[in-house]
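Close look at the chain arrangement
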Amino acid sequence: DWVGEMQEVTLPLRELPRRLPDGWSVAALETDAPRADLHEAYTRYARRYRGAFTPDSHKWNDHLGHSDGRTTYPYVCRDPRGRIAGYLLWRYPDGDGPGDVRQWVSATPESDAALLTLLRDLGMQ
């Protein structure tokens with residue numbers, strides 16, 4: 001059974017266009033309990049697939065945890081109503097290595113565009 005999708009892509013972030021849809025915003029999630037804030041967005045995403053993980057069985061501690069001496073930063077995109085429409089978990093590079101997205105959850109083309117714009121901005125830092 002097909003349970004979801006996983007893609008691995010490497011690209012120069014500076015090559016991404018900056019295209020934040022009108023009314024959308026992207027920012028770091030400043031909270032002590034990111035799991036609670038991300039739960040609804042993950043629920044909507046997981047509903048699209050008949051996968052093994054529900055929001056309650058999702059490996060939140062693994063995805064949100066810090067490891068290898070690196071911190072995981074949750075970034076969210078919000079739709080014009082202020083609802084979290086997607087998120088990514090970012091880890092800055094370790095030394096000269098590349099930064100990486102630990103998890104990407106997005107259910108619409110607009111949230112994909114917003115998150116790609118964030119990645120471009122992170123890559124330009």
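Everything numeric in this text was worked out from a predicted model, so none of it was measured.

1. Considerations on the sheet that holds strand 3 (residues 84-91)
Whenever strands of a sheet pair, they do so through backbone hydrogen bonds, lying parallel or antiparallel. What the four strands build is an open sheet, ordered 1-2-3-4; its pairing is antiparallel. Since the sheet does not close on itself, it has two edges, and those belong to strand 1 (25-28) and strand 4 (100-106), each with one partner. In this sheet, neighbouring strand axes are inclined to one another by 15° on average, regardless of whether the strands run parallel or antiparallel. Relative to strand 2 (residues 72-78), strand 1 runs antiparallel, the two being bridged by four bridges. Each bridged residue has a counterpart across the sheet, and for A28 the counterpart in strand 2 is Y75.

2. Concerning the layout of surface pockets
By rolling a water-sized probe across the atoms, one finds the places where empty space is left. Estimates place the volume of the second largest pocket at around 170 Å³. For the second largest pocket, the full set of lining residues is A28, L29, E30, T31, P34, L64, H66, T72, Y73 and P74. Looking at the lining of the second largest pocket, the element that brings in the most residues is strand 2, giving three residues. Of the residues that constitute the lining of the second largest pocket, the class distribution is six nonpolar, three polar and one charged.

3. With respect to the confidence of the model for the protein chain
Chain-level statistics for the protein chain give a pLDDT mean of 81 and a share of 90% at 70 or above. Here helix 2 (residues 60-64) is the element of the protein chain with the lowest mean pLDDT, 77, and strand 1 is the one with the highest, 93.

Rules behind the numbers
- Residues numbered from 1 in each chain as written.
- Predicted model: local features only at pLDDT ≥ 70, side-chain atom pairs only at ≥ 80, totals over all residues.
- Heavy atoms only, no water.
- Pairing = 2+ DSSP bridges.
- Helix = DSSP H or I, 4+ residues; strand = E, 2+ residues; numbered from the N terminus.
- Axes fitted to C-alpha atoms, helices over the stretch in contact; angles between N-to-C directions.
- 1 Å grid on protein atoms, 1.4 Å probe; cavity = no way out; pocket = protein on both sides within 12 Å on 5 of 7 lines; lining within 4 Å.
- Points joined across faces, edges and corners; volume = space filled by probe spheres on them.
- Nonpolar A, V, L, I, M, F, W, Y, C, P; charged D, E, K, R; others polar.
- pLDDT = per-residue confidence, 0-100.

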